[in-house]
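# Observations on chain architecture
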Amino acid sequence: MPKDIKKLSKRLQRKVFFGSHEISTNTSRNETFFLNVFSFLTIIVMFSFGYLDVASNKFTIFGVLEMVVGLTLVLNILGLRLTHNITIAKRLLLASVLTMLTVILITGGGEYGGINWLFIFPPISFLLAGKKEGVFWLFGLLIAVMGVIILSVAFPFSSYSQAALNGSFLASLFAVSLCTFTYQLSVEKNESEIYANLEQSDRERRESSVILNNLNIGVVVVDNRGNITALNSSAENILRWRSDELIGKQFIRTIPLFNEFGDPISAENHPLYIKPKGILVANDLRIMRKDGTTFLCQLIGTPLMVSGKHRGTVSTIRDITKEHDAERAKTEFVTLASHQLRTPISAIKWLSEMLMNGDFGKLTSVQSKQINNILSSNERMSTLVNEMLIVANIDLGTLPIQPVLIDVGEVAEEVAEIEMNTIEPNKKINLKIKADKKLPKVYLDLTATKTILHHLIKNALKYTPANGHVSVEVIHTPASKDKHTEEMISIIVSDSGYGIPKSEQNKVFTKFFRSDNIKAFDTDGSGLGLYVVRSLLDYIGGRITFDSTENVGTTFVVKLPVAGMKTHSGHGVQTSSDIVNYLAETAQR
Amino acid sequence: MVKALKPTIMVIEDETLLLQAISKKLTLAGFDVLSCSSGKQALDYLKNIERLPSIIWLDYYLKDMNGLDVLNDIKKQKEWSKIPVFVVSNSASPSKVHAMLALGVKKYILKAEFRLDQIIEVIEEFTSEEKTKPDRRKTND
């Protein structure tokens, strides 16, 4: 699009032949072709006639002159076509017209002055090409020609004058005028359309530029070599660079980028350097401004495809410092609130427990049943607070992750045993735990691994009807020799349960998700379990996938990177018994 | 087998409701209980008391100071530093927990995850182990 506009504006700048109009040869490709062929045919015909005259030994000045007219027209067209030099074309046209007038004056229209002249005018009108003024100019020419003919008839300069032929010559002139006029009308119509289009595209361009410059988001355009070609005023404000200082410079060399931990991002890993196949979203990047300060941003790169080819990237840069702070404040609030909740939860727990124990006097069976209800509700609240704390700490990046040597098979058995004790005693579930016989101990965070297993096994047991099957499988995959795949522990938890409806499968890992088919019969459940699992896996660098068919069962596959589990020092406030145990162990060392 | 002298346990907990519950439960379990609702009160007690407690039950989050400060003060005094401390709390970051364990806390117990009688079991287990060892408790004449 900008290319077209450039072309059009070039045309607008070009001085135009005869007349004050701004657009000259705005003919379409077909028209140009037709006119070119027609012009050259005319010239060939003119030449042939001149040559015939010479060849048939009737060497006359008329024949020679006719060749001269043809030659000037060739030069004329070539001059305009090749050099785009209007002055040369103008002079050549004037020369050809003068030559023509001389021929007519001498020959009185001449032997061949009849319909043959018709061929001269389309090229002329083509060269005039443009506005109605061209037609008036042509009419002026006609009147001049007629005047000359009349003169040559009234005062014969030549013995060749033939009045009859002059009549047909005049008729041909009128025919040419008519053709020219019609043609020019159509040209003018095209022209006004182009004007309208130009105006519209100009307006659109202005609108877009106003929109772009008033956007709150920085926009930087780079070409396919990574050079900055354009940026809006927000980008100037955000980056504190002026656009003229940036345009033409390499984005990645001029504007340093850092990851969320403050490590510089190398050119190879630069989101804009790698030609994005689709839209690329990079969150929590830090960009360095001209003055050396940095800010947190979200960078979205969209490839600029022109007729199927990658021509560059349009990137939007959004300063997310404020929303990041707000998000952090919100999460910190949740952490604090959860902590404050823990104290009353403890009080309820302990006091109810003492009541149950008869520490405050003996209870009736109805009373102890109700106290039990209070206790189990309290337990749910306690679980919910714990889960919220984990989520909040993951969001804050403060959940401590400390890989230690563990046997995942043993951990799975331990967790499964605890979970089996929580299901209703009369609900029979066939639970199988399979672990690789040669399963090595690997470095994984114990709490994270337990939490993941806990939620997956708990869900499997809970959402499988009585007499169903649940299996937990632990598989160790060593790193491939080419290091293409890293060392992994896969945990596969499958059940013959109710399954997750297809329509809801895309929401499984969202906060507070509970599928419709289980909400109907089970009201207990926070909907945080799988969200916790997913968040934890994102946090430690693992993956989770699942496959589910309603009323057939669900299989979750978790992949834990053995080497890659990220260590987080965790200055957070969340503690669980496992963390405490781990800390106790290390403190004694 | 009943000892003439009940073991004394000092409970430092700023939540009155919890303090009452803990005291009641510990009394029922056969302990002499010294209830303190602030860190300062606990340190004052230790300074003026005739017979030092045999065990300290410490909450981390206290209104006037935190458990780590109390612990530091306790460990500064040679006599006090011998008293086994159990931290029962909800609100300590892992680094604080680690610091307290390094200072010689016998056990850190997460309040919300344990029942009272479980905690008392843990303490009783510890005291019965201690009984087999020579009595290190200080007795003032």
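Residues numbered from 1 in each chain as written. Chains lettered and ligands numbered in written order. Predicted model: local features only at pLDDT ≥ 70, side-chain atom pairs only at ≥ 80, totals over all residues. Heavy atoms only, no water.

## Some details on the overall build of chain A
Which entries qualify depends on this criterion: Here a strand is any run of E in DSSP of at least two residues, a helix any run of H or I of at least four, and the numbering for each starts at the N terminus. Note on classification: 1.4 Å probe, protein chains only; a residue is buried when its accessible area is under 20% of the maximum for its type, exposed when over 50%, partly exposed between these limits. Computed by Shrake-Rupley with a 1.4 Å probe, the accessible areas treat only the displayed protein chains as cover when residues are assessed.
Counting its regular elements, chain A contains 17 helices and 13 strands. When the 589 residues of chain A are sorted by exposure, 44% land in the buried category. As displayed, chain A offers around 31600 Å² of accessible surface, 59% of which is attributable to carbon and sulfur atoms.

## Considerations on the overall build of chain B
Stated formally: Between two residues, a contact is recorded if the distance between any of their heavy atoms is within 4.5 Å.
Looking only at helices and strands, chain B has 5 helices and 5 strands in total. When the elements of chain B are put in sequence order from the N terminus, they spell out β-α-β-α-β-α-β-α-β-α. Of the contacts made within chain B by residues no fewer than 6 positions apart, 63% connect residues no fewer than 24 positions apart. Of the roughly 7200 Å² of accessible surface on chain B, 50% is carried by carbon and sulfur atoms.

## As for the nonpolar core
One recurring pattern in soluble globular proteins: nonpolar side chains tend to sit buried together. Here is the rule: The set of buried Ala, Val, Leu, Ile, Met, Phe, Trp, Tyr and Cys residues whose side-chain atoms join them within 4.5 Å is what this entry labels a nonpolar core.
Membership of the largest hydrophobic core comes to 48 residues, with the highest contact counts inside it found for I452, I489, I491 and L560 of chain A. At 8 residues, helix α16 (residues 529-540) of chain A tops the list of elements feeding residues into this core. In contact with I491 of chain A, not counting residues within four places along its chain, are V408, L453, V472, E473, F556, V557, V558 and L560 of chain A. The next biggest cluster of nonpolar side chains, apart from the first, holds 27 residues, and it includes M10, C36, L101 and L110 of chain B.

## Here we look at the environment of T422 of chain A
Inspection of the secondary structure puts T422 of chain A in helix α13 (residues 408-422). Considering only alpha carbons, one finds T422 of chain A and L461 of chain A, 39 residues apart in sequence, at a separation of 9.4 Å.

## Here's the deal with the sheet that holds strand β2 (residues 32-36) of chain B
Strand pairing in a sheet is mediated by backbone hydrogen bonds. Such pairs are either parallel or antiparallel. Residues and elements named next belong to chain B. Selection criterion: We call two strands paired when DSSP finds no fewer than two bridges between them. Note on definitions: angles span 0 to 180 degrees between N-to-C directions of axes, and those axes are lines fitted to C-alpha atoms, for helices only across the stretch in contact.
If you walk across this open sheet you meet the 5 strands as β2-β1-β3-β4-β5, and the pairing is parallel. Every interior strand has two partners, whereas the edge strands, β2 and β5 (107-110), have only one. Geometrically, the sheet is characterised by an average inter-axis angle of 20° between neighbouring strands, direction not taken into account. Note that strand β1 (residues 8-12) and β2 share 5 bridges and pair parallel.

## Here's the deal with the confidence of the model for chain A
Residues and elements named next belong to chain A. Stated precisely, the cut-off is as follows: Each residue carries a pLDDT score, the predictor's own confidence in it, on a scale running from 0 to 100.
Mean pLDDT for chain A: 74, with 63% of residues reaching 70 or above. Here residues 9-28 scores under 50 on pLDDT; set against residues more than four positions off or in separate chains, the count is 43 contacts. Under a pLDDT of 50 for its full length, residues 79-85 has, in the predicted model, 10 contacts with residues more than four places off or in other chains.

## Digging into unusual backbone geometry
Residues and elements named next belong to chain A. In this model, N467 sits at a positive phi of 70°, which is unusual for a non-glycine residue. Looking at the element boundaries, N467 is found in the loop between α14 (446-462) and β10 (468-477). On the accessibility criterion, N467 (61% relative accessible area) is exposed. A positive phi angle, near 65°, is found at N551, a position not held by glycine. For N551, the location among the structural elements is in the loop between β12 (543-549) and β13 (553-561).

## Describing the sheet that holds strand β1 (residues 218-223) of chain A
All names here are of chain A. Strands sit in the order β2-β1-β6-β5-β4-β3 across an open sheet of 6 strands; the sheet is antiparallel. Edge strands, defined here as strands with exactly one partner in the open sheet, are β2 (228-231) and β3 (257-258). Sheet topology places β1 next to strand β6 (residues 309-319); 6 bridges connect them, and they run antiparallel. Across the sheet, V222 pairs through a bridge with T313, a residue of β6.

## What to know about the pairing of β13 of chain A
Residues and elements named next belong to chain A. Note: strand β11 (residues 488-495) against β13, 8 bridges, orientation antiparallel. Bridging from a neighbouring strand, V493 pairs with F556 of β13. In this structure, β12 lies alongside β13, joined through 7 bridges in antiparallel fashion. The residue bridging D547 from the neighbouring strand is T555, located in β13.

## Here we look at the pattern of salt bridges
All names here are of chain A. Basically, it comes down to this: Should a side-chain nitrogen of Lys or Arg be within 4 Å of a carboxyl oxygen of Asp or Glu, the pair is scored as a salt bridge.
Counted by the stated rule, this structure contains 20 salt bridges over all chains. R206 is the partner of D202 in a salt bridge, and the nearest nitrogen-oxygen pair spans 3.1 Å. Here the residue D202 and the residue R206 both occupy positions in helix α7 (residues 163-214), the gap between them amounting to 4 residues, near one helical turn. Residue class for D202 comes out partly exposed when judged on its relative accessible area of 28%.

## Overview of the pairing of strand β5 (residues 294-306) of chain A
All names here are of chain A. Both strand β4 (residues 280-288) and β5 contribute to a ladder of 7 bridges, which runs antiparallel. Bridge pairing in β5 places I287 opposite F295. The turn joining β4 and β5, which pair antiparallel and follow one another in sequence, is formed by 5 residues; a positive phi near 95° is taken by G292. Note: β5 against β6, 10 bridges, orientation antiparallel. Looking at the pairing, I300 lines up with T316 of β6. Where β5 folds back onto β6 in an antiparallel hairpin, the turn is made up of 2 residues, including S307, whose phi is positive at roughly 40°.

## Some remarks on a nonpolar patch on the surface
Residue and element names in this part refer to chain A. This is how the line gets drawn: Each patch is assembled from residues with relative accessible area greater than 30% and no salt bridge, linking like charges that lie within 9 Å and nonpolar side chains (Val, Leu, Ile, Met, Phe, Trp, Tyr) that lie within 5 Å.
On the surface, I211, L212 and L215 cluster together into a nonpolar patch covering about 250 Å² of accessible area. By the element assignment, L212 lies in helix α7. For L212, a relative accessible area of 36% puts it in the partly exposed group.

## Quick notes on the confidence of the model for chain B
Residues and elements named next belong to chain B. Per-residue pLDDT for chain B has a mean of 84; in total, 87% of the residues score no lower than 70. When mean pLDDT is compared element by element in chain B, β1 scores highest at 94, while helix α4 (residues 94-102) scores lowest at 80. Low confidence marks residues 136-141, where pLDDT is under 50. Its contacts with residues over four positions away, or in another chain, come to 9 contacts. Here the predicted complex carries an ipTM of 0.83, next to a pTM of 0.53.

## Remarks on the environment of I320 of chain A
All names here are of chain A. On the secondary structure map, I320 appears in the loop between β6 and α11 (321-357). In this structure, the C-alpha to C-alpha distance between I320 and C297, residues 23 residues apart in sequence, is 5.0 Å. Setting aside chain neighbours within four positions, we find I320 in contact with D284, L296, C297 and Q298.

## Re a negative patch on the surface
To keep things clear, this is the line we draw: Lys and Arg are tallied as positive, Asp and Glu as negative. Neither His nor the chain termini are counted. A charge is said to be at NZ when it belongs to Lys, at CZ for Arg, at CG for Asp and at CD for Glu.
There is a patch of like negative charges on the surface, built from E121, E124, E125 and E129 of chain B. Here E125 of chain B shows up in helix α5 (residues 116-132).

## A closer look at helix α1 (residues 16-28) of chain B
Residue and element names in this part refer to chain B. We apply this condition: A helix is expected to reach a length of 1.5 Å times the quantity of its residues less one.
The end-to-end C-alpha distance of α1 is 18 Å, a good match for the 18 Å that 13 residues give at a rise of 1.5 Å each. Looking at α1, one finds that the buried residues are L18, L19, A21, I22, S23, K25 and L26. One or two positions beyond α1, positive phi appears at G30, with a value near 100°.

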